[in-house]
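A look at the structure
The residues making up each chain are set out below.
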Amino acid sequence: MAVEIIVMVKQVPDSQEVVIDPVTMNLNRSMTRNVTNRADENALEAALSIKDKIGANVTVISMGPPQAETTMIECLARGADRAILVSDRFFGGADTYPTGLTLAATISKIGKYDIIIAGEESSDSSTGHVGPGVAEFLDIDQITYASNVDYEDGYVIGERELEDGTEVVKVPTPVLVTVLLNSNDPRRQTLRRKIDAIRKGFEVWNIEKVGLPPEWVGVRGSPTIVRRMRSIKEKERAGKKYDLTNLGELVKELYEKKVLKMEEE
Amino acid sequence: MAGIINATPVADPQQYKNVFVFLETREDKLLRPALEMIGVGKTIANKVNEKLYCIILGSDLKDMADEAVSYGCDVVLGAESPDLKTFRTMPYSHIVSNFVKSEKPNIFLIPATRNGRDLASRIAVSCQAGVTADCTEIDIETDTRILLANRPTYGESMLAEILCKRHRPQMATARPGIFPIPEKLKSPKGEIRINKVKIDKSLLKKEILEFRKKEAIDLTAAKVIVAGGMGLGKPEGFKMLGDLSNEIGGVIGATRPTADMGWITRDHQVGQTGQTVRPRFYLAAGISGKIQHIMGMKNSETILSINNDPQAEIFKYSDYVIVDDVYKVVPALLEEIRKYKKEHVGIAVENRESS
Ligand SMILES: Cc1cc2nc3c(=O)[nH]c(=O)nc-3n(C[C@H](O)[C@H](O)[C@H](O)COP(=O)(O)OP(=O)(O)OC[C@H]3O[C@@H](n4cnc5c(N)ncnc54)[C@H](O)[C@@H]3O)c2cc1C
Ligand SMILES: Nc1ncnc2c1ncn2[C@@H]1O[C@H](COP(=O)(O)O)[C@@H](O)[C@H]1O
């Protein structure tokens, strides 16, 4: 039986073009272009290269509003076999808890899965929490912050990049993997596949199909709320001016104020 | 462990008290972010007259537990087993969740390191808690004991204050390098509870085949940082900064585009997507002062910047400013420093001998 891979992708505002409404302090979504979260393109590529090697089935899932359809088509055109957009007004405003819950419930409904792949984080919420949350809901192991993801005989091997080194791990499936941004080179969409993708289409699942009560998801299912937003204004410093003619005085001051020391301990 | 569970049934906040922190370790040693957690955890606990509990997992906890107490931890909750020497998601999340479920903390803080984030989200799901990721400011409302978790958003331009009103514990991960390490106590007093545990085989399926340690530059521990930006104009600029940095016992820092250009390796990068630093002295050479860089170095005690544009943003965040070409200023500064040191080296030695 073919290995089943599920890839979780999110559509996000193009981070280079974020415009903030000065009054509401909210993201002005009408001004921003939406793109597929870049780390999720790396997640899909990791899945597709396993597919190249062993012939897996790759299903892409995304929870989001209807405009995420462009991301669905894009993933199919890159080589995914199936795409499911989980979309319902009840899912709106979710924090990481109900997002993980909704995606985990979707995956349970899909049924069989061996490997679930997500991005390390989304560029708009940048928590990195949704992947591990899904793994916990499904009670499966995980490999986070991975590069060089490989599959062999029922095991996933990945390299985890930590602050102080690289950990190489091997975990039996089922397992959830989150992959690093730029950890591979995502293949392009081909025109032929794009035409096929549009013809074939993707599925849209609503809340009944996912099988969760409305009060468990979206805003109502979210433990956290944003109370307020402030713009970050750093306090300004004195900015005492020196120039090439009086650097000696500056050096003296730095040493006398013990900003610099004769010997660093 | 969780299964598909609902977050809505909420706990009675009155049953939850004290502040818990998770202490990250390597090879049975506390990491720097662990000490930062003790600092911020203790500050919050003190504000509401509660205790600070530290959770430590490992294969030999004695020294780490003593160290945690010496930094201000009131109660150490430890789980000890040879299988816990290295972080692994399944056994760690299982044990930490059980601590949380039995001890019922009001607040639980975890460092926003890679392993910290790997763990935090699983605990939050398992315990049906709310969690705020990557906080740079953490406070508590004293009357309600509600955690005020602040995290940067929209490319660090905004700070979002996030609350978790009905769920307990209130969890947050804290960005490394932001919160200061507390002073050691003169006469520390703390209770140490270490349990030897046996881990179920089913939780130990992840095999760690290898750990390739990298000799990373730890900018977070540096007292002096000499950082360069695109104003250097070429990779050789970092060599010039290296000479200055060597003279004053510093470490090299860099902006993201200089690392993108390959002028310097990524582990020197300071900022939102690099390291957060708080040295005693930060010298910024040819750096414009974009917010993503500022976020990583604004807590430096003293900042000196060199930029040939009198309008450069970085000047607003600087204690000392030199408006000129880096290639003129840096060699001249180095010369003045050498001169000063030569004139004063005798005095420094005398001072040390007499003290
Ligand atoms: C999501 C995101 C994350 C980011 N994360 C980071 C991060 O972690 N760290 C980071 O640093 N950036 C980060 N950036 C990039 C950041 O926005 C800026 O682009 C970057 O900090 C600018 O680097 P710079 O100051 O070296 O270059 P520039 O902005 O090009 O500034 C060069 C400066 O050098 C001055 N100069 C030129 N020639 C000379 C000379 N001969 N002598 C003296 N001065 C001279 C110029 O006046 C100018 O002020 C991030 C951006 C994004 C969108
Ligand atoms: N709404 C969503 N739909 C599908 N996948 C998601 C969604 N939100 C987050 N993810 C996945 O979880 C990863 C981490 O996201 P985050 O926790 O938001 O930083 C992303 O890279 C995606 O792979």
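Because the structure is a prediction, the values reported are computed rather than measured.

Attention shifts here to the site of ligand 1. Residues and elements named next belong to chain B. Taken together, 24 residues surround ligand 1, and among them Met230, Thr255, Thr273, Ser288 and Gln292 come closest. Glutamine 292 places a polar side-chain atom, nitrogen or oxygen, 2.7 Å from an oxygen atom of ligand 1. Protein chains bury 77% of the 990 Å² of accessible surface belonging to ligand 1 in isolation. Elements with a contribution of two residues or more to the shell around ligand 1: α6 (256-260) and α7 (291-297). Here the shell around ligand 1 is built from residues that sort into 5 nonpolar, 14 polar and 5 charged.

It is worth spelling out the environment of Asp118(B) at this point. Secondary-structure assignment places Asp118(B) in helix α4 (residues 114-126). Overall, the relative accessible area of 0% leaves Asp118(B) in the buried class. Sequence spacing of Asp118(B) and Ser93(B) is 25 residues, and the spatial spacing of their C-alpha atoms is 9.1 Å. If we ignore the near neighbours within four places in the chain, the residues touching Asp118(B) are Pro132(A), Gln142(A), Thr144(A), Arg160(A), Phe87(B) and Thr89(B). In this structure the side chain of Asp118(B) is engaged in a polar contact, spanning 2.5 Å, whose partner is the side chain of Thr144(A).

Let us now look at the interface of chain B and chain A. Of the residues lining the interface, 99 residues belong to chain B; the matching set on chain A comes to 91 residues. Both sides of the chain B and chain A interface together cover about 8200 Å² of buried area, and 56% of this is carbon and sulfur. Where chain B touches chain A, the interface holds 13 salt bridges. In terms of residue count, the dominant contributor to the side of chain B that touches chain A is helix α8 (residues 326-354) of chain B (12 residues).

Another aspect to go through is empty space enclosed by the protein. Evaluated as defined, the whole model comprises 3 cavities of 30 Å³ or more. Where the lining of the largest cavity is concerned, the elements lending two or more residues are α3 (96-110) of chain A together with α4 and β7 (130-135) of chain B. When residues in the lining of the largest cavity are grouped by element, the largest group, 3 residues, is from α4(B). Split by residue class, the lining of the largest cavity holds 6 nonpolar, 5 polar and 1 charged.

Moving on to the environment of Val12(A). All names here are of chain A. Its location among the elements puts valine 12 in strand β2 (residues 11-13). Once the C-alpha coordinates of valine 12 and serine 125 are considered, the two residues, 113 residues apart in sequence, prove to be 9.1 Å apart. In this view, valine 12 contacts Arg33, Asn34, Val35, Thr36, Asn37, Ser122, Ser123 and Asp124; residues no more than four positions away in its chain are not counted.

What the 4 strands build is an open sheet, ordered β12(A)-β10(B)-β9(B)-β8(B); its pairing is antiparallel. The open sheet has two edge strands with one neighbour each: β12 (225-231) of chain A together with β8 (137-141) of chain B. Between one strand and the next, the sheet's axes are offset by a mean angle of 25°, whatever the strand orientation. Packed onto the sheet, helix α1 (residues 32-47) of chain B meets β8 and β9 (146-153) of chain B and runs at close to 15° relative to β8(B).

With respect to the helices and strands, the residue Ser121(B) is situated in helix α4. In this structure Ser121(B) comes out as buried when scored by relative accessible area, which is 4%. Distance from Ser121(B) to Leu147(B), taken between C-alpha atoms, is 17 Å for residues 26 residues apart in sequence. Here Ser121(B) is in contact with His129(A), Pro132(A) and Gly133(A), once residues within four sequence places are set aside.

Quick look at the pattern of salt bridges now. Per the counting criterion, the structure on display carries 46 salt bridges over all chains. A salt bridge links Asp124(A) to Lys10(A), with the nearest nitrogen and oxygen atoms 3.0 Å apart. Remark: Lys10(A) occurs in the loop between β1 (4-8) and β2 and Asp124(A) occurs in the loop between β6 (115-119) and α4 (130-138); sequence separation between them is 114 residues. Asp124(A) gets classed as partly exposed once you look at its relative accessible area, which sits at 25%. Between Asp134(B) and Arg175(B) there is a salt bridge; the shortest N-O distance is 3.1 Å. Taken together, the positions of Asp134(B) in strand β7 and Arg175(B) in the loop between β11 (170-174) and β12 (191-196) put the pair 41 residues apart, joining distant regions of the chain. The exposure classification of Asp134(B) matches that of Arg175(B), with both residues buried. Bridged by salt links that share partners, the residues Glu121(A), Arg117(B), Asp134(B) and Arg175(B) form one connected network.

All names here are of chain B. For chain B, the assigned domains are domain 1 (13-203) and domain 2 (219-352). The gap between the C-alpha centroids of domain 1 and domain 2 is 34 Å. Facing 10 residues of domain 1, the contacting portion of domain 2 comprises 9 residues. Summed over both sides, the interface of domain 1 with domain 2 buries roughly 870 Å², with 52% coming from carbon and sulfur. Summed over the shared surface of domain 1 and domain 2, the result is 0 salt bridges. There are 2 residue pairs in polar contact (both at pLDDT 80 or more) connecting domain 1 and domain 2.

Cis rather than trans, the peptide bond between Thr173(A) and Pro174(A) has omega equal to 0°. Position of Pro174(A) among the secondary structure elements: in the loop between β9 (165-172) and β10 (175-179). Arg168(B) connects to Pro169(B) through a cis peptide bond whose omega is -5°. Along the chain, Pro169(B) falls in the loop between β10 (158-163) and β11.

Criteria and cut-off values
Residues numbered from 1 in each chain as written. Chains lettered and ligands numbered in written order. Predicted model: local features only at pLDDT ≥ 70, side-chain atom pairs only at ≥ 80, totals over all residues. Heavy atoms only, no water. Near = heavy atom within 4 Å. Polar contact = N/O pair within 3.5 Å; in protein donor to acceptor, adjacent residues only side chain to side chain. Areas by Shrake-Rupley, 256 points an atom, 1.4 Å probe, with all protein chains shown as cover. Helix = DSSP H or I, 4+ residues; strand = E, 2+ residues; numbered from the N terminus. Nonpolar A, V, L, I, M, F, W, Y, C, P; charged D, E, K, R; others polar. Buried < 20%, exposed > 50% of the residue type's maximum accessible area, 1.4 Å probe, protein only. Contact = heavy atoms within 4.5 Å. Buried area = accessible area lost by both parts, 1.4 Å probe. Salt bridge = Lys/Arg side-chain N within 4 Å of Asp/Glu carboxyl O. 1 Å grid on protein atoms, 1.4 Å probe; cavity = no way out; pocket = protein on both sides within 12 Å on 5 of 7 lines; lining within 4 Å. Points joined across faces, edges and corners; volume = space filled by probe spheres on them. Pairing = 2+ DSSP bridges. Axes fitted to C-alpha atoms, helices over the stretch in contact; angles between N-to-C directions. Domains from an automatic or database assignment.

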